[in-house]
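Residue-level structure breakdown
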Number of protein chains: 2
Amino acid sequence: MKFKNHLEKFIDVNDEQLAFILPYFKRLEVPKKQNLMEAGQRCHSHYFVLEGCLRKFFIDDKGVEQTTEFAIENWWMTDHRAFENEESTDFYIQAVENSVVLTISYSSQEQLMVEMPIMERYFRKVYQRAFAALQMKIKYNFTYSKEEYFHHFNAHYPAFVQRVPQYLLASFLGLTPEYLSEIRNKKRS
Amino acid sequence: MKFKNHLEKFIDVNDEQLAFILPYFKRLEVPKKQNLMEAGQRCHSHYFVLEGCLRKFFIDDKGVEQTTEFAIENWWMTDHRAFENEESTDFYIQAVENSVVLTISYSSQEQLMVEMPIMERYFRKVYQRAFAALQMKIKYNFTYSKEEYFHHFNAHYPAFVQRVPQYLLASFLGLTPEYLSEIRNKKRS
DNA sequence: CGCGACGTTGATTTGCCTCAACGATTGTGG
DNA sequence: CCACAATCGTTGAGGCAAATCAACGTCGCG
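The model shown is predicted, which means the values in this text are computed figures rather than measured ones.

**Overview of the protein's contact with DNA strand D**
In the region of DNA strand D, 16 residues are neighbours, and A:Lys146, A:Tyr179, B:Gln166, B:Tyr167 and B:Ser181 sit closest. Taking all atoms of DNA strand D within 4 Å of the protein, the share assigned to sugar and phosphate is 79%. Contacts to DNA strand D include A:Glu178, whose side-chain N or O atom sits 3.3 Å from a base nitrogen. For the surface near DNA strand D, the secondary structure elements donating two or more residues are helix H6 (146-156) and helix H9 (177-186) of chain A together with helix H8 (166-173) and helix H9 (177-186) of chain B. With three residues, H9(B) is the largest single contributor of residues to the surface near DNA strand D. Tallied by class, the residues present in the surface near DNA strand D amount to four nonpolar, six polar and six charged.

Put into structure tokens, the structure is as follows:
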């Protein structure tokens, strides 16, 4: 089972423990373009992607969707600020492809960690890794121009670049679709 | 004791537990301008600021110092990518003021979490909070122009803006000292 | 087949950087 | 306690990366 394989990358877990853990989660199938979370609502859930791809975006004051994050298989996603404070969010989470996710509520996640120390350990490692990844991303903002950032990203995650539409990728990289197009076609020179 | 007060914001800890925890850490006094970590070295330590202020920076390909992060009282700091993989870092960590810090090595931190589940919980919460904060920061990058970002930051952390020299603040905010100066003096119009 | 979503191209504009020069302030040695 | 240098902040001229705006081509889908 996929989720067990994922957990085992971080902790040792036997079938008995797994049977205890699973009921805390709910499995959800989300068709492409459907929203899992919407701005203005309470942020109830933390989502884990089993299959497919999600994106998180907000709508800026000019009415443009700004995609700040993608999640593919084996990644967690939510608006963490809102999730942890159980407040309302400014983000949308939307399926980029037909997807299958696990969801867990804040209180369930907290309770699970209390009852199962290995899950406390699991989430500690997940957050630690995610934090380190975000720090890297912030460093890239200082290091690269937008053009360089695209080339870097394209070199590291070529499969992902193929996988999502270009205008979403552009938004995620913090540039306009027009400029991304220009960059890509510049290569020929 | 300061560190105990800090821990108690996240977990319940009695004196006996504290006595067990403390030996894992080393106390260090760092005079202003001194480096705790240097690019090219192995990243051995995670630093917790008891007093004073640290900054983390790297040197870009033009030779300019880019400050990516500050840490004041009750914040942790290290190059997490390098720390977790016990690799060499590209960052410097330098005292902005005369400072007092606690340090812990990667292996000690891991061992502490194994031996004391409450510390696993503590670090889980710390990473979780830090991760949420970084996600906010990334959202700001999409939301604000550099000028707006400065005003936002200045409105939220006026004391901190006073506390550090302007050219470090400029670097941290991702703009040049010249442009920050221009922004600040524009207000009069 | 026609419409809407997506990608491209080019002209123009702008936010912010670069470079250079100049005050102000600080600290340091004589 | 004063000169002198170094560090830091300011100002302005000029330039560039990337955005904006508008128009058009293309493809997939109902």
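What follows picks up the thread again.
**Notes on the protein's contact with DNA strand C**
Looking at DNA strand C, there are 16 residues lining it, with A:Gln166, A:Tyr167, A:Ser181, B:Lys146 and B:Tyr179 nearest. Within 4 Å of the protein, the contacting atoms of DNA strand C are drawn from sugar and phosphate to the extent of 81%. With respect to DNA strand C, the side chain of B:Thr176 contributes an N or O atom lying 3.3 Å from a phosphate oxygen. With respect to DNA strand C, the side chain of B:Tyr179 contributes an N or O atom lying 2.8 Å from a phosphate oxygen. Broken down by secondary-structure element, the contributors of at least two residues to the surface near DNA strand C are helix H8 (166-173) and H9 of chain A together with helix H6 (146-156) and H9 of chain B. A breakdown of the residues in the surface near DNA strand C according to their chemical character gives four nonpolar, six polar and six charged.

**Section: the sheet that holds strand S2 (residues 35-37) of chain A**
Residues and elements named next belong to chain A. Spatial ordering of the open sheet is given by S2-S7-S4-S5, a layout of four strands whose pairing is antiparallel. Edge positions in the open sheet fall to S2 and strand S5 (65-71), since each of these has one partner strand only. Strand-to-strand twist in this sheet, taken as the mean axis angle between neighbours without regard to direction, amounts to 30°. One ladder, built from six bridges, connects strand S4 (residues 54-59) with S5; its direction is antiparallel. Within the sheet, the bridge partner assigned to Ile-59 lies in S5 and is Glu-65.

**Quick look at the packing of helix H5 (residues 117-143) of chain A against helix H4 (residues 106-115) of chain B**
Relative orientation of the contacting elements H5(A) and H4(B) amounts to 150°, with a least axis distance of 12 Å. What the angle tells us is that H5(A) and H4(B) run roughly antiparallel. Crossing hand, H5(A) versus H4(B): right-handed. Mapping the contact onto sequence places A:Arg121, A:Arg124 and A:Gln128 in H5(A) and B:Tyr106, B:Glu110, B:Met113 and B:Val114 in H4(B). Split into classes, the residues belonging to the contact of H5(A) with H4(B) amount to three nonpolar, one polar and three charged.

**Things to note about the pairing of S5(A)**
Each regular strand shows side chains that alternate between the opposite faces of the sheet. Most of S5(A) is tucked away, with six of its seven residues classed as buried. Counting the residues in the hairpin turn of S4(A) and S5(A) gives five residues, including A:Gly63, whose phi is positive at 85°.

Definitions and cut-offs
- Residues numbered from 1 in each chain as written.
- Chains lettered and ligands numbered in written order.
- Predicted model: local features only at pLDDT ≥ 70, side-chain atom pairs only at ≥ 80, totals over all residues.
- Heavy atoms only, no water.
- Near = heavy atom within 4 Å.
- Polar contact = N/O pair within 3.5 Å; in protein donor to acceptor, adjacent residues only side chain to side chain.
- Helix = DSSP H or I, 4+ residues; strand = E, 2+ residues; numbered from the N terminus.
- Nonpolar A, V, L, I, M, F, W, Y, C, P; charged D, E, K, R; others polar.
- Pairing = 2+ DSSP bridges.
- Axes fitted to C-alpha atoms, helices over the stretch in contact; angles between N-to-C directions.
- Parallel < 35°, antiparallel > 145°, perpendicular 65-115°, else oblique.
- Left-handed = near helix turned anticlockwise from the far one by under 90°.
- Contact = heavy atoms within 4.5 Å.
- Buried < 20%, exposed > 50% of the residue type's maximum accessible area, 1.4 Å probe, protein only.

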